6 protein chains.
Amino acid sequence: MSTSPVLQELGVVHRRVVRPDAAAVEKLSRFGVSTVHEAMGRLGLMAPRIRPIHPEASFCGTAITVLLQPGDNWMLHVAAEQIQAGDVVVAACTADCTDGFFGDLLATSFKARGCKGLVIDGGVRDVRDLCAMDFPVFSRAIHSKGTIKATLGSVNVPVVCANALVNPGDVIVADIDGVVVVPASRAQQVADAAEAREGNEAAKRVRFAAGELGLDMYAMREPLAKAGLRYVD
Amino acid sequence: MSTSPVLQELGVVHRRVVRPDAAAVEKLSRFGVSTVHEAMGRLGLMAPRIRPIHPEASFCGTAITVLLQPGDNWMLHVAAEQIQAGDVVVAACTADCTDGFFGDLLATSFKARGCKGLVIDGGVRDVRDLCAMDFPVFSRAIHSKGTIKATLGSVNVPVVCANALVNPGDVIVADIDGVVVVPASRAQQVADAAEAREGNEAAKRVRFAAGELGLDMYAMREPLAKAGLRYVD
Amino acid sequence: MSTSPVLQELGVVHRRVVRPDAAAVEKLSRFGVSTVHEAMGRLGLMAPRIRPIHPEASFCGTAITVLLQPGDNWMLHVAAEQIQAGDVVVAACTADCTDGFFGDLLATSFKARGCKGLVIDGGVRDVRDLCAMDFPVFSRAIHSKGTIKATLGSVNVPVVCANALVNPGDVIVADIDGVVVVPASRAQQVADAAEAREGNEAAKRVRFAAGELGLDMYAMREPLAKAGLRYVD
Amino acid sequence: MSTSPVLQELGVVHRRVVRPDAAAVEKLSRFGVSTVHEAMGRLGLMAPRIRPIHPEASFCGTAITVLLQPGDNWMLHVAAEQIQAGDVVVAACTADCTDGFFGDLLATSFKARGCKGLVIDGGVRDVRDLCAMDFPVFSRAIHSKGTIKATLGSVNVPVVCANALVNPGDVIVADIDGVVVVPASRAQQVADAAEAREGNEAAKRVRFAAGELGLDMYAMREPLAKAGLRYVD
Amino acid sequence: MSTSPVLQELGVVHRRVVRPDAAAVEKLSRFGVSTVHEAMGRLGLMAPRIRPIHPEASFCGTAITVLLQPGDNWMLHVAAEQIQAGDVVVAACTADCTDGFFGDLLATSFKARGCKGLVIDGGVRDVRDLCAMDFPVFSRAIHSKGTIKATLGSVNVPVVCANALVNPGDVIVADIDGVVVVPASRAQQVADAAEAREGNEAAKRVRFAAGELGLDMYAMREPLAKAGLRYVD
Amino acid sequence: MSTSPVLQELGVVHRRVVRPDAAAVEKLSRFGVSTVHEAMGRLGLMAPRIRPIHPEASFCGTAITVLLQPGDNWMLHVAAEQIQAGDVVVAACTADCTDGFFGDLLATSFKARGCKGLVIDGGVRDVRDLCAMDFPVFSRAIHSKGTIKATLGSVNVPVVCANALVNPGDVIVADIDGVVVVPASRAQQVADAAEAREGNEAAKRVRFAAGELGLDMYAMREPLAKAGLRYVD
């Protein structure tokens, strides 16, 4: 029998994750974070303190969520078992913490389960190995500080990670611009909107490259004048 | 008829920018930020929160200044029209803001106008594309957050950007060490001083490499002793 | 006649540094910061604000300590004379300061003395040159701001650098994960413990790669159940 | 006809807010933030960057939620109409922003509607007047920067404010220790747990005051010894 | 013979300061920082990191500007001599520094000269004494760290203090909302605009207190509807 | 048999603390933090992130040191037993952590043991009660976040707290200017130096109040001229 996950409830692992259609996830994976964010109506971003450990790091996958306690990475081991191919792990913490919750051993384990990457509102370590393994990680800090395994958090409950709400199964797109969360139920719609936007932008790029101004392309001269903009020679 | 630009006045675009002699700018472009900063008497630096989006990013050019409103990139489009080949854009904001004011479309437009780079006391996005385009950007943040076009700022008024005053036409030198502002009227003098310093440093580098100590090269032993330095074995 | 160095005493240079056995330092150099930190019982880390100027920067060496005054790099020149091959310089400051205390000239001097790198709780500059020289630097900031030579600090007194106590002769291991301080007297023991840990981890890595879960490898299922973890379908 | 509010949807005002039983809110108002946070199982806190503008500021009320755009306080005026006596306003922003969204005029309006206070992940101003009016405000910054009225946000959608999810109707308890969010559906249960905890603490306070140690009161000596704690004379 | 002051020039003291009409300064002193900032068209604010050392601290006066070197308060003594009754001192620094540049002795000296307060983009100390003396100070930090007297800065050159340009003679208004800079030449006009705004606000305050909504007072309902705002029951 | 405490060793409680002479501590208690810091030669300060929870908070006492693990306050209970009348508790943490390690119950216990206050490089809660009890606390944060009791730290080992080394028995002076650490062995000497300084300052205060300038009192005019200071009319 199933029970709906409760926000940040402690001590529970939800095994059932409703993931969006694979085709929608695949389609979202073709776009960058900024495009997806615009396609969502300028919503869904994590705070800019979350940065990639390597400039080339990027991924798109469905979220296994983890709620960590500060200084304790027990739940990341619990989460490993829930990972399916194509998932990413999103780890929030009940308090601000920069400890090194995650390193190359857990990355090896996650990767073996088909995990495509990690977002963590905490610290990570073994960064050279993580880069060598090509395992993309987005974190708030790099720090060697070791963690313990003593207190329960949860897996696959809704979490707030770096000021963004993440539900299990949501699509997470991450690249050098940051991290954006697409609710599972909106994946297809956002993917379609991203595609439309991208097409639109390609055309504009050509015109900008040819020297056309945004002032003309977007017909801004009149509204600027109306707003009172004065030109002085 | 011309009117002098006023500090951070809103709603105005000054079309006339007094740029320094091209030869002085070219000469300044041969030196790094730290050398230029020293040549100016240790003044002119922006705050260290302004960082390049890529370790190789660097430029030297004359400033088109922009005063932005938080969350609003309208004035960057207005600025595009004022860019001449060899200019760089320096964008300040009337409040602290990390939104993504600038991305690959604006970069394409700026580049098509001959712009050599951007310094912005705000956020930027499409960073992968900006790097691929080889368009150097120095910013306080990387963030996807989209902006609107609703409120007037200004173009080519004096602005305070990351704690440095920038007048239109000032020479901006930017590299991995940071960003320095050379007033247009001092461009030639600072370029000459930078050249003198650089020559001076080359000679010292050889002596240091050969094992000579700064203690001897700069005759520091006596002033240190006078200041009371004690050696203990 | 020898006098014991006193914490952060000003105006003194201790010439005698008790360095640990070279073999212990060499052995420590084989391990990363996170491994060494774990081998010390999860102690000894500097604060995560200290970051490498280049992702590949790393070193392992014995500390020459420097106590700087804010905005003043005089003592770095004094320290240069005390460097022996295999040493690294660890520079603390009597107050928070991001000025550019160190650049390519001092790096040339340090390198000529056999110095393997620098950790500084302050700013550095000439970063492009430092990278080109392959001189590894770990700092709290990159900033061009020049410094003066006016006030005495000390060399080879115990210092607190980025929240870690460093005694002259301590072994400093630094890489992309951060910086860890191994007291000279514990160098051999920590090196041995790091070796044991590394062997242990290699075996685990193979098992994780084969899909085994941490839950089983570390026998966590029972303690998790005891702690009350519930699984929901 | 009613539609469920969607997380951070833009351009919508939900008029219907399901508030918890008034008795539960009243009961929660008797306890401090730390007690309520513990009664919730150590969850529900906003990030510590949210601070009261006055040490005596505190409130307990039901949330009217607001989603602001950076630099734009339009939605606070929209929210005013939705306030009922006993409500508090919780304002999140789609991006990091310290502008002064709120001052004494809006406070006068909110107060006239029966509003008990404001939590805002942004800046406020007219702080002297707000204190004189005894209108309690919790914010991330104090800043005079004026805002515009140009872009839609929303009212009474779920928002993430300072890393905490807030649904309309949730109970917000705020005092000098910070801000905690009690989901409407858990208000009675948490109030009861807080009461139990408070009673429990009163007894302990008496014993502590009499000199009894936590080591004995909580029977910690045995687990400490088991964990390996050594006493050295 | 007079020479115009140059931005942040080092080693110079300008004795001549053009102060605005005393009546204009007196009139500005009747208004709070937020009102003055609005009256200037939402410009002129220092960054919000500048905070009063006491909630009641406030002043309005004409600026004596000081350019400090990090860790060095020599120029504050030089500035003391230039103070006239009604002046305030605005101290910027050539680099980020939180050292305690200013304490009760300098405050006693400044006060004896008729100085009305201090704004400093650095640290201060002896805070209890400063409060007891009723000498209002606005700073970026409170820190005991002592400073030296070794390097020249300047007095009465234009400085950038906490991201705001300040010219000698500008009017500085400071209170719990922050610090705003009114150019000397605009003092009368801004004072008049502030007065108009204040009158305007008094009327609004009465209407808000009576329960009228901003939605109606500012006729926002139509533009909100046009922007697409939807109400849901 | 006694063993010397080792820096930040884990799992140990040293019962023997060598406290300085009570008269020296009493004498130090007459001076403020800034005076003591100057009397120590401008050393010994904690970082300015440590702030009092109340502007009037202050104390002077001998340190019981605690090394905490992040999110775990077990060792504070262990420390309580080691407190003697006149002691203060100084709590460092093995990683950055803002959790609420300490509240009114522990304060009641500490106070009953004769404890004069707490310095903690972490968070505290129940701040209203702590103020009501007149128990002075200096912390890096105020946060309700509850902590666990699971991992060993230590009591009365040397710790690094907010970038300052603290040995058990050192004298800690804390007031609104910050926190300074006086090594036990230097207590008498520093107290005497502080007294001398204070007397000296009283005389200067009178002269400053009478309008004498620091320029004359400290004979700065000549060195300033020598350094090249120019006056311009």
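Model, not experiment: these values are computed from the prediction. (Residues numbered from 1 in each chain as written. Chains lettered and ligands numbered in written order. Predicted model: local features only at pLDDT ≥ 70, side-chain atom pairs only at ≥ 80, totals over all residues. Heavy atoms only, no water.)

Colleague: I'm lost on the environment of glycine 86 of chain F in this one. Help?
Modeller: Residue and element names in this part refer to chain F. Along the chain, glycine 86 falls in the loop between helix H3 (74–80) and strand E4 (87–93). You can call glycine 86 partly exposed: its relative accessible area is 24%. Each C-alpha atom, one on glycine 86 and one on arginine 113, is 9.1 Å from the other, the two residues being 27 residues apart in sequence. Contacts of glycine 86, omitting those with residues within four sequence positions, involve Gly61, Thr62, Gly114 and Lys116. (Helix = DSSP H or I, 4+ residues; strand = E, 2+ residues; numbered from the N terminus. Buried < 20%, exposed > 50% of the residue type's maximum accessible area, 1.4 Å probe, protein only. Contact = heavy atoms within 4.5 Å.)

Colleague: Before we go on, may I ask you to explain the arrangement of the chains in this structure?
Modeller: Spatially, chain A is disjoint from chain E: no contact exists, and the shortest C-alpha separation is 14 Å. As for chain F relative to chain B, no contact occurs, and the smallest C-alpha gap between them is 14 Å.

Colleague: In this structure, what is going on with the packing of helix H6 (residues 187–209) of chain B against helix H4 (residues 104–112) of chain C? I would like to understand it.
Modeller: To describe two helices that pack against each other, one gives the angle between their axes and the distance between the axes. Running from amino to carboxyl end, H6 of chain B crosses H4 of chain C at an angle of 15 degrees, the nearest separation of the two axes being 8 Å. Taken as axis vectors, H6 of chain B and H4 of chain C run roughly parallel relative to one another. Read as a crossing pair, H6 of chain B and H4 of chain C show a hand that is right-handed. Note on element contacts: H4 of chain C touches H6 of chain B through Asp104, Leu105, Thr108, Ser109 and Ala112 of chain C, opposite Glu201, Lys204, Arg205, Phe208 and Ala209 of chain B. The residue makeup of the contact of H6 of chain B with H4 of chain C, split by class, is 4 nonpolar, 2 polar and 4 charged. (Axes fitted to C-alpha atoms, helices over the stretch in contact; angles between N-to-C directions. Parallel < 35°, antiparallel > 145°, perpendicular 65-115°, else oblique. Left-handed = near helix turned anticlockwise from the far one by under 90°. Nonpolar A, V, L, I, M, F, W, Y, C, P; charged D, E, K, R; others polar.)

Colleague: What is the right way to read the interface of chain C and chain A from this model?
Modeller: Interfaces are often sized by the amount of accessible area the parts lose when they come together. Counting residues at the interface gives 39 residues for chain C and 38 residues for chain A. Roughly 3300 Å² of surface becomes buried between chain C and chain A when both sides are summed, with 58% attributable to carbon and sulfur atoms. Taken as a group, Tyr231, Val232 and Asp233 of chain C account for 19% of the area that chain C buries against chain A, more than any other trio of residues on that side. Scanning the region where chain C abuts chain A turns up 5 salt bridges. Among the ionic pairs, glutamate 38 of chain C bridges to arginine 125 of chain A, the shortest N-O distance being 2.9 Å. Broken down by secondary-structure element, the contributors of at least two residues to the side of chain C that touches chain A are helix H2 (33–39), helix H6 (187–209), helix H7 (214–217), helix H8 (221–227) and strand E13 (230–232) of chain C. (Buried area = accessible area lost by both parts, 1.4 Å probe. Salt bridge = Lys/Arg side-chain N within 4 Å of Asp/Glu carboxyl O.)

Colleague: Any chance you could explain the pattern of salt bridges here in plain terms?
Modeller: Once the charged atoms of two side chains with opposite charge are near each other, the side chains can pair. Evaluated as defined, the whole model comprises 108 salt bridges over all chains. Taking the shortest distance from any N to any O, the salt bridge between glutamate 38 of chain F and arginine 42 of chain F comes out at 3.0 Å. Taking the relative accessible area as the measure of exposure, glutamate 38 of chain F reaches 11% and is therefore buried. Since its relative accessible area comes to 28%, arginine 42 of chain F is described here as partly exposed. Each of Glu38, Arg42, Arg197, Glu201 and Arg205 of chain A together with Asp104 and Arg125 of chain B takes part in salt bridges that share partners, so that together they form one network.

Colleague: Quick question: what am I supposed to make of the interface of chain B and chain A here?
Modeller: Contacts between chain B and chain A engage 38 residues on the former and 39 residues on the latter. The contact between chain B and chain A buries some 3300 Å² in all, and 58% of this surface belongs to carbon and sulfur atoms. Scanning the region where chain B abuts chain A turns up 5 salt bridges. The residue arginine 15 of chain B makes a salt bridge to aspartate 233 of chain A at a minimum N-O spacing of 3.1 Å. Taken together, the connections running from chain B to chain A amount to 14 residue pairs in polar contact (both at pLDDT 80 or more). Tallied by class, the residues present in the side of chain B that touches chain A amount to 13 nonpolar, 14 polar and 11 charged. For strand E13 (residues 230–232) of chain A and strand E1 (residues 12–14) of chain B, the ladder comprises 3 bridges, and the chain directions are parallel. Opposite valine 232 of chain A, over in E1 of chain B, you have histidine 14 of chain B as the bridge partner. (Polar contact = N/O pair within 3.5 Å; in protein donor to acceptor, adjacent residues only side chain to side chain. Pairing = 2+ DSSP bridges.)

Colleague: I keep staring at the relation of the copies chain B and chain A and nothing clicks. Help me out?
Modeller: A rotation about an axis combined with a shift along that same axis relates the two copies of the chain. Laying chain B over chain A is done by rotating through 120 degrees and shifting 0.0 Å along the axis; what remains is an RMSD of 0.0 Å. Taken together, the rotation and translation describe the operation of a three-fold axis. Across chain B, the rotation axis passes nearest the C-alpha of proline 55 of chain B, at a separation of 6.2 Å. (Least-squares fit on C-alpha atoms with pLDDT ≥ 70 in both.)

Colleague: Would you mind showing me how to read the side chain of threonine 62 of chain B here?
Modeller: For threonine 62 of chain B, the position within the fold is in strand E3 (residues 59–68). Those residues in contact with threonine 62 of chain B that sit more than four places away from it in its chain are Arg19, Pro20, Val25, Gly86, Asp87, Val88, Gly169, Asp170 and Val171 of chain B.

Colleague: Could you clarify how one ought to interpret empty space enclosed by the protein in this entry?
Modeller: Remark: the empty space left among the atoms is shown by a probe the size of a water molecule rolled over them. Under the counting rule described, the total for this entry stands at 5 cavities of 30 Å³ or more. Roughly 50 Å³ of volume is contained in the largest cavity. Broken down by class, the residue content of the lining of the largest cavity amounts to 7 nonpolar, 3 polar and 2 charged. Considered as a void within the structure, the second largest cavity measures approximately 50 Å³ in volume. Together, Ile142, His143 and Ser144 of chain D together with Leu45, Met46, Ala47, Pro48, Ile50, Arg51, Asp177, Gly178 and Val179 of chain E line the second largest cavity. Counted by class, the lining of the second largest cavity contains 7 nonpolar, 3 polar and 2 charged residues. (1 Å grid on protein atoms, 1.4 Å probe; cavity = no way out; pocket = protein on both sides within 12 Å on 5 of 7 lines; lining within 4 Å. Points joined across faces, edges and corners; volume = space filled by probe spheres on them.)

Colleague: Honestly, the confidence of the model for chain A in this entry has me stumped. Any pointers?
Modeller: Mean pLDDT over chain A works out to 96, with 99% of the residues at or above the 70 mark. The ipTM, which scores confidence in the relative placement of chains, is 0.95 for this predicted complex, and the corresponding pTM is 0.97. (pLDDT = per-residue confidence, 0-100.)

Colleague: What's the story with helix H6 (residues 187–209) of chain E in this structure? I'm lost.
Modeller: Helical periodicity: at 3.6 residues per turn, an α-helix aligns residues three or four positions apart in one direction. Along its 23 residues, H6 of chain E runs 32 Å from first to last C-alpha, staying within 8% of the 33 Å computed at 1.5 Å per residue. Along H6 of chain E, the residues that are buried comprise Ala187, Val190, Ala191, Ala194, Glu201, Lys204 and Phe208 of chain E. (Expected span 1.5 Å × (residues − 1).)

Colleague: Would you take a moment to explain the pairing of strand E7 (residues 137–142) of chain C for this structure?
Modeller: Remember that side chains alternate between the two faces of the sheet whenever the strand is regular. All names here are of chain C. Of all the 6 residues making up E7, 5 are buried; the element is thus mostly covered by neighbouring parts of the structure. Of the pairings in the sheet, the one linking strand E2 (residues 51–52) to E7 comprises 2 bridges and is antiparallel in character. When the bridges of E7 are listed, arginine 51 appears paired with serine 139. The sheet contact formed by strand E6 (residues 118–124) and E7 spans 5 bridges and is parallel. Residue pairing in the sheet places isoleucine 120 in a bridge with serine 139 of E7. Following the chain from E6 across helix H5 (residues 127–132) to the adjacent parallel E7, one finds a crossover that is right-handed. (Right-handed = clockwise from strand over helix to strand, strands pointing away.)

Colleague: Where do I start with the state of the cysteines in this structure?
Modeller: Structurally, a disulfide amounts to a covalent bond that connects the sulfur atoms of two cysteines. A full pass over the atoms with the stated rule returns 0 disulfides over all chains. No disulfide involves cysteine 60 of chain A; its nearest neighbouring cysteine sulfur is the one of cysteine 115 of chain A, lying 13 Å away. (Disulfide = S-S within 2.5 Å.)

Colleague: Quick question: what am I supposed to make of unusual backbone geometry here?
Modeller: Leaving glycine aside, a negative phi is the common case for residues, and trans is the common case for peptide bonds. Backbone geometry places aspartate 126 of chain B, a non-glycine residue, at a positive phi of 60 degrees. Its location among the elements puts aspartate 126 of chain B in the loop between strand E6 (118–124) and helix H5 (127–132).

Colleague: Please explain the environment of alanine 79 of chain D as it appears in this structure.
Modeller: Residues and elements named next belong to chain D. Within the element layout of this structure, alanine 79 appears in helix H3 (residues 74–80). The exposure class of alanine 79 is buried, given its relative accessible area of 0%. Residues alanine 79 and valine 6 lie 73 residues apart in sequence; the distance between their C-alpha atoms is 17 Å. Apart from the residues within four sequence positions on either side, alanine 79 is in contact with Ile64, Val66 and Val155.

Colleague: Would you explain the pairing of E6 of chain B in this entry?
Modeller: Residues and elements named next belong to chain B. Counted residue by residue, E6 has 7 buried out of 7 residues, so it is predominantly covered. Bridge count for strand E5 (residues 100–102) against E6 is 2 bridges, and the pairing is parallel. Bridge assignment links glycine 100 to a residue of E6, and that residue is glycine 123.

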